[in-house]
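# Observations on the three-dimensional arrangement
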Amino acid sequence: MERTAFEPFGEQLVSATDAQPKSRASKLLLRAGTTLFWSLVAGIVLARAAFFEPGIYDGFSRVASLAKSLIF
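Cut-offs applied
Residues numbered from 1 in each chain as written. Predicted model: local features only at pLDDT ≥ 70, side-chain atom pairs only at ≥ 80, totals over all residues. Heavy atoms only, no water. Helix = DSSP H or I, 4+ residues; strand = E, 2+ residues; numbered from the N terminus. Buried < 20%, exposed > 50% of the residue type's maximum accessible area, 1.4 Å probe, protein only. Areas by Shrake-Rupley, 256 points an atom, 1.4 Å probe, with all protein chains shown as cover. pLDDT = per-residue confidence, 0-100. UniProt positions renumbered as here; feature names shortened; annotations may be inferred. Patch = residues over 30% accessible without salt bridge, like charges linked within 9 Å, V, L, I, M, F, W, Y side chains within 5 Å. Salt bridge = Lys/Arg side-chain N within 4 Å of Asp/Glu carboxyl O.

### Observations concerning the overall build of the protein chain
- Scanning the protein chain from N- to C-terminus turns up 3 helices and 0 strands.
- Helices and strands appear in the protein chain in the N-to-C order α-α-α.
- Taken across its 72 residues, the protein chain has 0% of its residues classed as buried.
- Element-wise, carbon and sulfur atoms account for 66% of the exposed surface of the protein chain, whose accessible area totals about 7,300 Å².

### Here we look at the confidence of the model for the protein chain
- Residues at a pLDDT of 70 or more form 82% of the protein chain, whose mean pLDDT is 81.
- Within the protein chain, no element has a lower average pLDDT than helix α1 (residues 16-19), which sits at 56, and none a higher one than helix α2 (residues 24-50), at 93.

### Details of the UniProt feature "transmembrane region" (unreviewed entry) in the protein chain
- On the UniProt side, "transmembrane region" (unreviewed entry) is annotated at positions that read residues 28-51 here.
- Along residues 28-51 one finds 96% helix and 0% strand; the C-alpha atoms at either end are 34 Å apart.

### Looking at a nonpolar patch on the surface
- A cluster of nonpolar side chains, L66, L70, I71 and F72, forms an exposed patch at the surface whose accessible area comes to about 550 Å².
- Along the chain, L66 turns up in helix α3 (residues 58-71).

Structure below.
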């Protein structure tokens, strides 16, 4: 007889074998979704690196220093 595992709050734990996709189509969809997600992440990071403008936050630092001088 199999022992059922429970977490500290009483919920039944799902075993690792139950969480794996069963059919070939679900494995393919999982792989495609994961690939699409990480491709989008890489694209966003590369786009931010390509179009990064270092001086864009200079205006904010001037406003912050002005606010600091007014407060203190």
